[in-house]
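Observations on the model geometry
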Amino acid sequence: MNDVLVQEKLCLKNIYELLGEHFYIPAYQRGYRWSEIQVKELLDDIWEFSQQTSSEKSAFYCLQPIVVVKRDHHWELVDGQQRLTTLYIILHYLEKEHLRRELQEAYKKPLYTLEYETRSESASFLKNIRPAEETNNIDFFHIARAYEAVSEWFDGRDFNENNAFLSVLLAKPETAQSVKVIWYDLTDECVGNDYAVDVFSRINIGKIPLTNAELVRALFLQRHHFDADQAQLKQIQIASEWDSIEKQLQAPDFWYFIHRSDSGERYETRIEFIFDLMKGKKVGAENYFTFHKFNADFNEGSADIGTLWKGIKDYFLTFDEWYRDRELFHLIGFLVECGEDVVTLKKASDQPGTSKTAFKNYLKDRIRERVRCELTELNYGDPLIKRVLLLFNIQTLLATKEADIRFPFDRYKRENWDIEHIRSQTDTVPIGSSRIAWLEDMLGYFQHAKLPTDTDRQKFVEDIERLLKQTKLDEDDFEGLYGEICNHFGHDDVGWADSLGNLALLDANTNRSYKNALYPVKRTRIIENDMRGIFVPICTKNVFLKFYSRSSSDLLYWQESDANDYLAAIEESLSEYLPKQGGLDA
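Residues numbered from 1 in each chain as written. Predicted model: local features only at pLDDT ≥ 70, side-chain atom pairs only at ≥ 80, totals over all residues. Heavy atoms only, no water.

1. So, the packing of aromatic side chains
A full pass over the atoms with the stated rule returns 43 aromatic pairs. On the numbers, 5.0 Å between centres and 90° between planes, the contact of Trp75 with Trp183 is edge-to-face. With Trp75 in strand β4 (residues 74–79) and Trp183 in strand β6 (residues 178–185), this pair connects stretches of sequence that are 108 residues apart. The class of Trp75 is buried, set by a relative accessible area of 0%. Residue classification places Trp183 among the buried positions, given a relative accessible area of 0%. Ring centres 5.4 Å apart and planes at 65° place the aromatic pair Phe329 and Phe409 in the edge-to-face group. Taken as a pair, Phe329 in helix α15 (residues 326–337) and Phe409 in helix α19 (residues 409–414) lie far apart in primary sequence, 80 residues in all. Each of the two residues, Phe329 as well as Phe409, counts as buried. The ring of Tyr315 is capped by Lys346, whose NZ or CZ atom sits 4.4 Å from the centre of that ring. (Phe/Tyr/Trp six-rings, centres within 6.5 Å; stacked < 30°, edge-to-face > 60°. Helix = DSSP H or I, 4+ residues; strand = E, 2+ residues; numbered from the N terminus. Buried < 20%, exposed > 50% of the residue type's maximum accessible area, 1.4 Å probe, protein only. Lys NZ or Arg CZ within 6 Å of the ring centre and 35° of its normal.)

2. As for the nonpolar core
The nonpolar side chains of a soluble globular protein tend to be buried, and buried together. Phe319 and Tyr566 are the most contacted members of the largest nonpolar core, which totals 102 residues. Of the residues forming this core, the biggest block, 10 residues, is contributed by helix α18 (residues 383–399). Ignoring sequence-local partners within four residues, the contact set of Phe319 consists of Phe254, Phe257, Ile258, Phe273, Ile274, Leu277 and Val342. (Core = buried A, V, L, I, M, F, W, Y, C linked by side-chain atoms within 4.5 Å. Contact = heavy atoms within 4.5 Å.)

3. Description of the sheet that holds strand β5 (residues 113–116)
Backbone-to-backbone hydrogen bonds join strands into a sheet, with any given pair of strands oriented parallel or antiparallel. What the 6 strands build is an open sheet, ordered β1-β6-β3-β4-β2-β5; its pairing is mixed. Two strands lie at the open edges of the sheet, namely β1 (10–14) and β5, each paired on one side alone. The mean angle between the axes of side-by-side strands here comes to 40°, regardless of whether they run parallel or antiparallel. Looking at chain direction, β1 and β6 are connected through 5 bridges and run antiparallel. Opposite Leu12, over in β6, you have Ile182 as the bridge partner. (Pairing = 2+ DSSP bridges. Axes fitted to C-alpha atoms, helices over the stretch in contact; angles between N-to-C directions.)

4. A few points about the packing of helix α14 (residues 305–324) against helix α16 (residues 342–349)
Close contact between α14 and α16 brings their axes to 11 Å; oriented N to C, the two are set at 85°. Compared by their axis directions, α14 and α16 come out roughly perpendicular. Of the residues in α16, those touching α14 at Tyr315, Thr318, Phe319 and Trp322 are Val342, Val343, Leu345, Lys346 and Ser349. Residue composition of the contact of α14 with α16, by class: 6 nonpolar, 2 polar and 1 charged. (Parallel < 35°, antiparallel > 145°, perpendicular 65-115°, else oblique. Nonpolar A, V, L, I, M, F, W, Y, C, P; charged D, E, K, R; others polar.)

5. Some words on the pattern of salt bridges
Inspection of every chain in the model, using the stated rule, returns 35 salt bridges. Where Glu148 meets Arg145, a salt bridge forms, and the shortest distance between an N and an O atom there is 3.7 Å. You can see Glu148 and its partner Arg145 sitting in helix α6 (residues 138–155), 3 residues apart, about one turn around the helix. By relative accessible area, Arg145 is classed as partly exposed at 29%. With its nearest N and O atoms 3.5 Å apart, the salt bridge here joins Lys356 to Asp325. Of this pair, Lys356 sits in helix α17 (residues 356–370) while Asp325 sits in the loop between α14 and α15; the two residues are 31 residues apart in sequence, bridging distant segments of the chain. Overall, the relative accessible area of 14% leaves Asp325 in the buried class. (Salt bridge = Lys/Arg side-chain N within 4 Å of Asp/Glu carboxyl O.)

6. Observations concerning a negative patch on the surface
A cluster of acidic side chains, namely Glu41, Asp44, Asp45 and Glu48, defines a negative patch on the protein surface. Looking at where Asp44 falls in the secondary structure, it is placed in helix α2 (residues 36–50). The class of Asp44 is partly exposed, set by a relative accessible area of 37%. (Patch = residues over 30% accessible without salt bridge, like charges linked within 9 Å, V, L, I, M, F, W, Y side chains within 5 Å. Areas by Shrake-Rupley, 256 points an atom, 1.4 Å probe, with all protein chains shown as cover. Lys, Arg positive; Asp, Glu negative; His and termini not counted. Charge placed at Lys NZ, Arg CZ, Asp CG, Glu CD.)

Now the structure itself:
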């Protein structure tokens, strides 16, 4: 067995370094199942890599992890069987059809071997692959189809091209361009237990791949990074600090103020987010980009374990400082939701001589750029509205200095808050099943509402109950009652229905259920939700309580004067950030 493979628990290995090894596939793994498309995609990727121009050249092309456990004189393959078998088939084809001699003769090392605990005949078939139609064994069938796909792919290329492909595929470690795998040896973790089976189940049955975070953790905890007499203590220290950072990042209120919900990245282990930021991972980068960067740091000797780990802790501690400062928490949380790059914000905070006050002023300048608008010109559908209303809620909380209340960015993002009309639009008459829901809402309201006379209440209740009893709702009856109820509440068409003064933030579920509800119904429901402890954004609650209205003699109606007073309150609250209203500065 290669000494170099024994020494490294987590590292990058050239395919060349796997030659001569013996791999054992345990019973808990299924047979070979890669499709022709998957095989040709792998061939295409390696070929494209081998053909890079000098200006494009990458140091290596990296395959997914090969996870192994050392057992006597072989490697038990925990994960990577499909990839390793496909590579075997490719190399076997090139050995037979291109080199026309064994790898042992050409490369002084034989092709690695694959042995199966419960499918012993598969090893023999791999050495002498026959056409797919000549076998009724499902494993043999897929192996044969993969071999046919490899043959078809190489048939379109000449000797020199095939030679170039093989040269890159079996390049030695010191070669500029090579194909590598992430080699992950779990031997130490599997002594006297079934950890290998657990890892296989999580990766393959649960379809959860190894993450950058897991690989980086294993990289950092390798014993050879530390002095022998301090290795265990240092490993425990890093593992403990790692868990502490991860615990804080898993807290929803902490996580969602620094992470955008629409970023496209989902982090099972959230410390990986910090790793990605540190290493500059871009959208579309290959899966193990971040691991490769950390691995390069160790291999190139550009930093020692202490320096690298301190850098990670310092990055987290910056976030923790932001989180603990109530104003920074809100300013940064708002900017992150607006799409501001967290790395850019951190660089600004890390500038030499930058005080906390100066950093806050920088953040406020960034916010001013994000809400540069004329409030009276905003109408429903303008993306700036959501941003303005979010900042209005945040600023309202910040203005309440005596209460340590924080804006719930976690709920805002997870519950998909959106824009709702305060006074619903009468031109959007309910249709289909939403008519029944509207009638039921109105029935519930009138059964408990305090109206001027019992006659009003009783008439509406009787009319609604009559319509609800109809097998098929009569359209004319519904539209007649709808118009009558709208008239009762003075709810006619208005020209300001889509203006900012008639809009508020609500979570998606509440928003959908209130879509066509009249103002008094919405008001009643929101008050009830608040009384039951269901979260309602503070400014939305204030709107329906008519907190911003200078005259609130009639709580059942939302009039233009209410909308104007609400708009004035928004302008006053956000005066620190908005340009002078009534004419934007050039």
